[in-house]
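Fold and contact review
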Amino acid sequence: MSYPKSVDLSKNKLIGMLPKCLEKLSNSLKVLNLGSNYFHGSELVAVDLSNNQLEGPLPLSLANCTKLEILNLGNDMLNDVFPSWLGTVSVLRLILLRQNPLNGVIKNPISKFEFPKLRVIDLSYNNFSVLLMRVIRSFSKKSSGVKSLGN
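By the naming in an unreviewed UniProt entry, the chain is LRR domain containing protein, taken from Parasponia andersonii. A UniProt comment under Subcellular location (unreviewed entry) is attached to the chain, and it reads "Membrane".

Before going further, it helps to spend a moment on the overall build of the chain. Each helix and strand in the chain was counted, giving 2 helices and 12 strands. Along the chain, helices and strands appear, N-terminal first, in the series β-β-α-β-β-β-β-β-β-β-β-β-β-α. Relative to its 151 residues, the chain shows a buried fraction of 38%. Carbon and sulfur atoms make up 57% of the accessible area of the chain, which totals about 8800 Å².

So, about the pattern of salt bridges. Under the defined criterion, the tally for this structure stands at 2 salt bridges. Arg93 is the partner of Glu69 in a salt bridge, and the nearest nitrogen-oxygen pair spans 2.9 Å. Linking Glu69 in the loop between strand S6 (55-56) and strand S7 (70-72) with Arg93 in the loop between strand S8 (77-78) and strand S9 (94-96), this pair joins segments that are 24 residues apart in sequence. You can call Glu69 partly exposed: its relative accessible area is 25%. Between Arg98 and Asp122 there is a salt bridge, with its nearest N and O atoms 3.0 Å apart. Here the residue Arg98 occupies a position in the loop between S9 and strand S10 (103-105), and Asp122 occupies one in strand S11 (residues 120-122), the gap between them amounting to 24 residues. The class for Arg98 is partly exposed, based on a relative accessible area of 26%.

The next thing to look at is the environment of Phe113. Mapped onto the fold, Phe113 is located in the loop between S10 and S11. Taking C-alpha positions, Phe113 is 7.5 Å from Thr88, a pair spaced 25 residues apart along the chain.

Our next topic: the confidence of the model for the chain. Looking at the chain as a whole, its pLDDT mean stands at 77, while 66% of the residues score no less than 70. No element of the chain has a lower mean pLDDT than helix H1 (residues 22-25), at 55, and none a higher one than S9, at 96.

Here we come to the sheet that holds S11. Strand order across the open sheet formed by 6 strands is S1-S3-S5-S7-S9-S11, with parallel pairing between neighbours. The sheet is open, and its two edges are formed by strand S1 (6-8) and S11, each paired on a single side. For this sheet the average axis-to-axis angle between neighbouring strands, irrespective of direction, equals 5°.

So, on to the layout of surface pockets. Estimated volume of the second largest pocket: approximately 160 Å³. Lining the second largest pocket are 10 residues, with Phe82, Ser84, Ile106, Lys107 and Asn108 sitting closest to its centre. When grouped by side-chain class, the residues that make up the lining of the second largest pocket number 6 nonpolar, 2 polar and 2 charged.

As a further point, take the packing of aromatic side chains. For the structure on display, the rule yields 2 aromatic pairs. Residues Phe82 and Phe128 carry aromatic rings whose centres are separated by 6.2 Å and whose planes lie at 75° to one another, so their mutual orientation is edge-to-face. Of this pair, Phe82 sits in the loop between S8 and S9 while Phe128 sits in strand S12 (residues 127-129), placing them 46 residues apart in sequence. An aromatic cluster is defined as three or more aromatic residues linked by ring pairs; in this entry it consists of Phe82, Phe115 and Phe128.

The rules behind each value
Residues numbered from 1 in each chain as written. Predicted model: local features only at pLDDT ≥ 70, side-chain atom pairs only at ≥ 80, totals over all residues. Heavy atoms only, no water. UniProt positions renumbered as here; feature names shortened; annotations may be inferred. Helix = DSSP H or I, 4+ residues; strand = E, 2+ residues; numbered from the N terminus. Buried < 20%, exposed > 50% of the residue type's maximum accessible area, 1.4 Å probe, protein only. Areas by Shrake-Rupley, 256 points an atom, 1.4 Å probe, with all protein chains shown as cover. Salt bridge = Lys/Arg side-chain N within 4 Å of Asp/Glu carboxyl O. pLDDT = per-residue confidence, 0-100. Pairing = 2+ DSSP bridges. Axes fitted to C-alpha atoms, helices over the stretch in contact; angles between N-to-C directions. 1 Å grid on protein atoms, 1.4 Å probe; cavity = no way out; pocket = protein on both sides within 12 Å on 5 of 7 lines; lining within 4 Å. Points joined across faces, edges and corners; volume = space filled by probe spheres on them. Nonpolar A, V, L, I, M, F, W, Y, C, P; charged D, E, K, R; others polar. Phe/Tyr/Trp six-rings, centres within 6.5 Å; stacked < 30°, edge-to-face > 60°.

This is the structure we're talking about:
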């Protein structure tokens, strides 16, 4: 049986828990776009769960998505600290966490192996405490193309 490589269910009025049928797609699905829905509650290259009302902490299981390049969790209700543990996802290029009630201190990456491919990060409209210039310098030394770091 052949499974789709990309599923775009964005801008629907889907509500409730994420569907169980997605588990069967986890080996073949490369892009899942569920942006602009109302959800609560691998092999993926891109995850877009933006503009939902996702609440609580960021799921630590995202660190297991070793091929994840794009993560968009912007405009949700995620309440957590900066997910430095995502630095272990070595191919992550884009992180959009804007407009969530994220908080705490953003620390410099401990090693050059954290976020090695990161090019764009949007942390604007959160509640972070940070020595911003030190973090920007740290990211830009490792990655010549960090394009955006807002707060």
